[in-house]
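Residue-level structural notes
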Amino acid sequence: MGSLFRSEEMTLCQLFLQSEAAYACVSELGELGLVQFRDLNPDVNAFQRKFVNEVRRCDEMERKLRYLEKEIKKDGIPMLDTGDSPEAPQPREMIDLEATFEKLENELREVNQNAEALKRNFLELTELKHILRKTQVFFDEQEGGMNTTESMTRALITDESRSGNAMGTVQLGFLEKSQEPEEFLPCFVAGVILRERLPAFERMLWRACRGNVFLRQAMIESPLEDPSNGDNVYKSVFIIFFQGDQLKTRVKKICEGFRATLYPCPEAPSDRREMAMGVMTRIEDLNTVLGQTQDHRHRVLVAAAKNLKNWFVKVRKIKAIYHTLNLFNLDVTQKCLIAECWVPVLDIETIQIALRRGTERSGSSVPPILNRMQTFENPPTYNRTNKFTNAFQALIDAYGIASYREMNPAPYTIITFPFLFAVMFGDLGHGSIMALFGLWMVLKEKPLAAKKSDNEIWNIFFGGRYIIFLMGCFSMYTGLIYNDVFSKSLNIFGSHWRINYNTSTVMTNKVLQLDPGTEDYLQYPYPFGMDPVWQVAPLNKIIFQNAYKMKISIIFGVIHMIFGVMVGLCNHRYFKNKMAIYCEFIPQIIFLVFLFFYMVLMMFIKWVRFSASNDGAFSENCAPSILITFINMVLMKSVDWDPETDICSPYMFSGQAALQKFLVIVAVLCIPWMLLAKPILIARSRKNEHHQPIVPVENGDAENGLNAQSAVAQQAPAGGHEEEEEMSEIYIHQGIHTIEYVLGSISHTASYLRLWALSLAHAQLSEVLWNMVLQVGLKQDGWVGGVVLWVVFAFWAILTVGILVLMEGLSAFLHTLRLHWVEFQSKFYAGQGYAFQPFSFENIVDAQGSTSEE
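A few points on the structure. (Residues numbered from 1 in each chain as written. Predicted model: local features only at pLDDT ≥ 70, side-chain atom pairs only at ≥ 80, totals over all residues. Heavy atoms only, no water.)

Focus: the overall build of the protein chain
- The helix and strand tally for the protein chain stands at 27 helices and 11 strands.
- Residue burial in the protein chain is summarised as follows: out of 854 residues, 42% are buried.
- A separation threshold of at least 6 residues defines the contact pool for the protein chain, and within that pool the share at least 24 residues apart is 82%.
- In the form shown here, the protein chain has an accessible surface area of approximately 46700 Å², with 58% of it arising from carbon and sulfur atoms. (Helix = DSSP H or I, 4+ residues; strand = E, 2+ residues; numbered from the N terminus. Buried < 20%, exposed > 50% of the residue type's maximum accessible area, 1.4 Å probe, protein only. Contact = heavy atoms within 4.5 Å. Areas by Shrake-Rupley, 256 points an atom, 1.4 Å probe, with all protein chains shown as cover.)

Concerning the side chain of Ser751
- For Ser751, the position within the fold is in helix α24 (residues 720–751).
- The class of Ser751 is buried, set by a relative accessible area of 8%.
- Looking at Ser751, its side chain comes within polar contact range of the side chain of Arg754, at 2.8 Å.
- Filtering out sequence-adjacent residues up to four positions away, Ser751 remains in contact with Arg818, Leu819 and Glu823. (Polar contact = N/O pair within 3.5 Å; in protein donor to acceptor, adjacent residues only side chain to side chain.)

What to know about the packing of helix α19 (residues 538–574) against helix α25 (residues 754–778)
- In the contact formed by α19 and α25, the axes pass within 8 Å of each other and the chain directions differ by 145 degrees. For the element pair α19 and α25, the recorded crossing hand is right-handed. Within the contact between the two elements, α19 uses Lys541, Ile542, Asn546, Lys549, Met550, Ser553 and Phe556 and α25 uses Leu755, Trp756, Ser759, Leu760, Ala763, Gln764 and Glu767. (Axes fitted to C-alpha atoms, helices over the stretch in contact; angles between N-to-C directions. Left-handed = near helix turned anticlockwise from the far one by under 90°.)

Here's the deal with the pairing of strand β1 (residues 10–18)
- In terms of strand pairing, β1 meets strand β10 (residues 336–344) through 9 bridges, oriented antiparallel. Paired with Leu15 across the two strands is Ala339, which belongs to β10.
- As judged from the 5 bridges shared by β1 and strand β11 (residues 369–373), these two strands associate in the antiparallel manner. From the neighbouring strand, Phe16 faces β11, where its bridge partner is Ile369. (Pairing = 2+ DSSP bridges.)

Some points on the nonpolar core
- Ranked by size, the top nonpolar core spans 60 residues in total, and within it Phe591, Leu595, Phe596 and Met599 carry the most contacts.
- In terms of residue count, the dominant contributor to this core is helix α20 (residues 578–609) (13 residues).
- Those residues in contact with Phe596, other than ones at most four positions away along the chain, are Val558, Phe591, Phe630, Ser745, Ile746 and Thr749.
- By size, the runner-up hydrophobic cluster in this structure holds 58 residues, among which are Leu34, Leu104, Cys341 and Phe841. (Core = buried A, V, L, I, M, F, W, Y, C linked by side-chain atoms within 4.5 Å.)

Quick word on the packing of aromatic side chains
- Taken as a whole and judged by the stated rule, the model has 40 aromatic pairs.
- When the ring of Phe214 is compared with that of Phe241, the centres are 6.4 Å apart and the planes differ by 40 degrees; the resulting orientation is tilted. With Phe214 in strand β4 (residues 214–219) and Phe241 in strand β7 (residues 235–243), this pair connects stretches of sequence that are 27 residues apart.
- On the basis of relative accessible area, Phe214 is assigned to the partly exposed category, the value being 22%.
- An aromatic cluster is defined as three or more aromatic residues linked by ring pairs; in this entry it consists of Phe5, Tyr399, Tyr412, Phe563, Trp821, Phe824, Phe828 and Tyr829.
- Seen from the ring of Tyr574, Arg6 lies directly overhead, with NZ or CZ sitting 4.1 Å from the centre.
- Between the NZ or CZ atom of Lys50 and the centre of the ring of Phe51, over which it lies, the distance is 5.6 Å. (Phe/Tyr/Trp six-rings, centres within 6.5 Å; stacked < 30°, edge-to-face > 60°. Lys NZ or Arg CZ within 6 Å of the ring centre and 35° of its normal.)

Examining the environment of Ala794
- Following the sequence through the fold, Ala794 ends up in helix α26 (residues 782–824).
- Distance from Ala794 to Leu774, taken between C-alpha atoms, is 9.3 Å for residues 20 residues apart in sequence.

Brief notes about the environment of Thr381
- With respect to the helices and strands, the residue Thr381 is situated in the loop between β11 and α12 (389–399).
- In this structure Thr381 comes out as buried when scored by relative accessible area, which is 5%.
- Along the backbone, Thr381 and Pro344 are 37 residues apart, and their C-alpha atoms lie at a distance of 9.9 Å.

Brief notes about the side chain of Arg686
- Along the chain, Arg686 turns up in helix α22 (residues 656–690).
- For Arg686, the side chain forms a polar contact with the side chain of Glu726, separated by 3.0 Å.

Examining the pattern of salt bridges
- The final tally for this structure, using the stated rule, is 29 salt bridges.
- Between Glu28 and Arg357 there is a salt bridge; the shortest N-O distance is 3.0 Å. One end of the pair, Glu28, is in helix α1 (residues 19–32); the other, Arg357, is in helix α11 (residues 348–362), and 329 residues separate them in sequence.
- Taking the shortest distance from any N to any O, the salt bridge between Asp59 and Lys319 comes out at 2.6 Å. Of this pair, Asp59 sits in helix α2 (residues 52–74) while Lys319 is found in helix α10 (residues 308–325), placing the two residues 260 residues apart along the sequence.
- The class of Lys319 is buried, set by a relative accessible area of 15%. (Salt bridge = Lys/Arg side-chain N within 4 Å of Asp/Glu carboxyl O.)

Quick word on a nonpolar patch on the surface
- Among the surface-exposed residues, Phe437, Trp440, Ile457, Phe461, Leu765, Val801, Ile803, Leu806 and Met807 lie close enough to one another that they form a single nonpolar patch of about 790 Å² accessible area.
- Contributing elements (two or more residues each) for the nonpolar patch: α14 (428–443), α16 (456–463) and α26.
- Here the nonpolar patch gets 4 residues from one element, more than from any other, and that element is α26.
- Note on placement: Trp440 falls in helix α14. (Patch = residues over 30% accessible without salt bridge, like charges linked within 9 Å, V, L, I, M, F, W, Y side chains within 5 Å.)

Things to note about α10
- Over its 18 residues, α10 runs 26 Å from end to end, which matches the ideal 26 Å to within 8%, given 1.5 Å per residue.
- For α10, the buried fraction is high: 14 of the 18 residues fall into the buried class. (Expected span 1.5 Å × (residues − 1).)

A short note on unusual backbone geometry
- The phi dihedral of Phe486 falls on the positive side, at around 55 degrees, and the residue is not glycine.
- Relative to the elements of secondary structure, Phe486 occurs in the loop between α17 (465–482) and α18 (503–508).
- The exposure class of Phe486 is partly exposed, given its relative accessible area of 21%.

Brief notes about the packing of α1 against α11
- For the pair α1 and α11, the least separation of the axes is 8 Å and the interaxial angle reads 140 degrees. Of the possible angle classes, the one that applies to α1 and α11 is oblique. Classified by chirality, the crossing of α11 by α1 is right-handed. Here Glu20, Ala21, Ala24, Cys25, Ser27, Glu28, Leu29 and Leu32 of α1 come into contact with α11, specifically with Thr350, Ile351, Ala354, Leu355, Arg357, Gly358, Thr359, Arg361 and Ser362.
- Considering only residue class, the contact of α1 with α11 consists of 8 nonpolar, 5 polar and 4 charged. (Parallel < 35°, antiparallel > 145°, perpendicular 65-115°, else oblique. Nonpolar A, V, L, I, M, F, W, Y, C, P; charged D, E, K, R; others polar.)

Details of the state of the cysteines
- Taken as a whole and judged by the stated rule, the model has 0 disulfides.
- We note that Cys13 lacks a disulfide partner, and the nearest cysteine sulfur, in Cys341, lies 5.5 Å from it. (Disulfide = S-S within 2.5 Å.)

Details of the pairing of β7
- Burial analysis of β7 places 9 of its 9 residues in the buried class, the great majority of the element.
- Side-chain alternation along β7 places Lys235, Val237, Ile239, Phe241 and Gln243 on one buried face and Ser236, Phe238, Ile240 and Phe242 on a second face that is also buried.
- Pairing geometry for β4 and β7, over 6 bridges, is antiparallel. The partner of Gln217 across the bridge, within β7, is Phe238.

Brief notes about the environment of Ser365
- When you line up the elements, Ser365 lands in the loop between α11 and β11.
- A relative accessible area of 71% places Ser365 in the exposed class.
- Once the C-alpha coordinates of Ser365 and Glu20 are considered, the two residues, 345 residues apart in sequence, prove to be 9.8 Å apart.

Set out below in structure tokens:
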């Protein structure tokens, strides 16, 4: 059977490679992606393996590439991505790559250091320029005719003036400098501080200096670039006047504590003008040098961006090869590497061709050897997928990886999943929106995949584009069946009803009903789907649709579960497990068919046998309830009925009561059958094996005989106590399995009613949205109505897409997923395997690429 319906047949192989050819051979296997290597050195530390130095070199190269990538992204330079995957370089090419990366990193770091130093000088000169400009404004604002020091000294309020000292503020301002004591000579400092630190800085100066300072400040309007991180910061210029060396020391310490930068500022206006001219000249020179430095840095990064993606791929491939080689063992001669690997049986020849190709590339004359091994280990599960089946396989694997060679539910899920979703989401309008969105992603598959978005939600949608497209298409089909388009109906084939009321009565009367027993109904069914006339019968429309959708939900559910049990039969037959067929499958299918499939048959019998137009025993009024009939059947409850006095029979056909008793009795007998048959047969077979004599083995069959006896010894219990304990576990396990199946058959059948419930909820929510939102805009007249309709339609469209398509679609998706995981797969799916994880460059590069982007 093909791998689509069952996992690939796997085999364990032993691989012998010459040391010279090992790298090239593993490289070819990585490109192929069909070999899963086992670690033959599980107890060896990662730092003690043979190729640990090569792995470290690859880590160092990756670090340098990440540094280059960070700098390239900082400048917003696009990186060239051709989509091609270069081959893994030869070991000798590692030296060239290391030298290239080392040269680029050193050159870039040197350029960055020079640029940072130049920016720091530029910042200092810019701040000095602002200081000279702002302080000039401070000085110009003072009284005309006074020198600078005198005018600023007037503002000082000293402790001596407060204490009654003869040297007051005014007196100090008019003293000649030669007459002032040295400790009272006025002086000032100027600098730049971050704007947000200025209020605290001013308070600290006032408190620490006891008000004996005079502070002037002005904001620098344009932001300045911080050389260390490139952020824009806002600063302010300040100038502080004080007297004495003690205050000078104190002021400088406060400036240092607030990380304010102090700059020299001459007293004389001519000196300040001369310094400002020199600062401007130096700023212009620095601008020229900075521009040249940035141009050189940009050229280096642009050249690196052209090859960065390919360099990443090459380094990751080299690293993956050496990681894989660390899983190998060395033979005693230290010239041959030995590996063990799981490979698909169908691909052995392809793998051997790749090994020969790698040997030829390396120039080795010794061919590689690939031997199949016998093992009792459970092989990994490998299901081949393509871009269409991959998403459906991911849904199955999310529940659990299939056991080896177990039936794969994914092929059946391709049909059943979108169909059961569509039963809950049936609407032609909403389904078309979903189908168009999925079709757009399918048609734009290559350009959308090349963008490699970091948005996780978008990646989930894009990965399930084929599922979304199929769910939309199936929803369009079920929407036609329900004749539901945005809560309205299509009148394709007219109507099979005659309505004897005028239009106003039909549109305004809310109590009209459709009675199929009258002549209003033409007595033959609608060609496809539901008759649109049900839109004007709000009183019994819900009743009619409830009965219809509830019954088809049970029908679909029972058929789905029976199909799951039949898939389990395929598993039993493939593994030649006759005991499971006789002790599990047969009683399970009998129990399910005799009870629940019989209930489905009664639905079809009721639909065919009873009619609203008939009179007498087969009229609609005499049709028995399926639910009440099924409950009475399970409870073995007899119904009193006298045909002479009551024409309405509780049964739909003759002999139904006896048939129902027979079905219930057989179904109940299946419970102990499932519970006891398998443990009893296992105990009997083990007892026979325990008393089986050992057959003497001839010399020629010694090896086979020992293998057979060892296998029996492994399966046989070591003693009587262990045998009893193991048998008790078998009884407990079988009891749990039986209870789970019996009770699960009931609960799972009821669980499929979610198809009916969500379909009803979706239809009602769509109708509420139409009546309460869009209908408001449709009722308006004139040009005002056009404007109102435009606004209301936009609001209705947003709610439709956001609530009915996205939220309701997600809800239906999750319920469909539960129906497949629990109700369907529990009938046959063990899911106790582990995934086949081949050594594949494609998977490694994709995984590490997404990690680096995050």
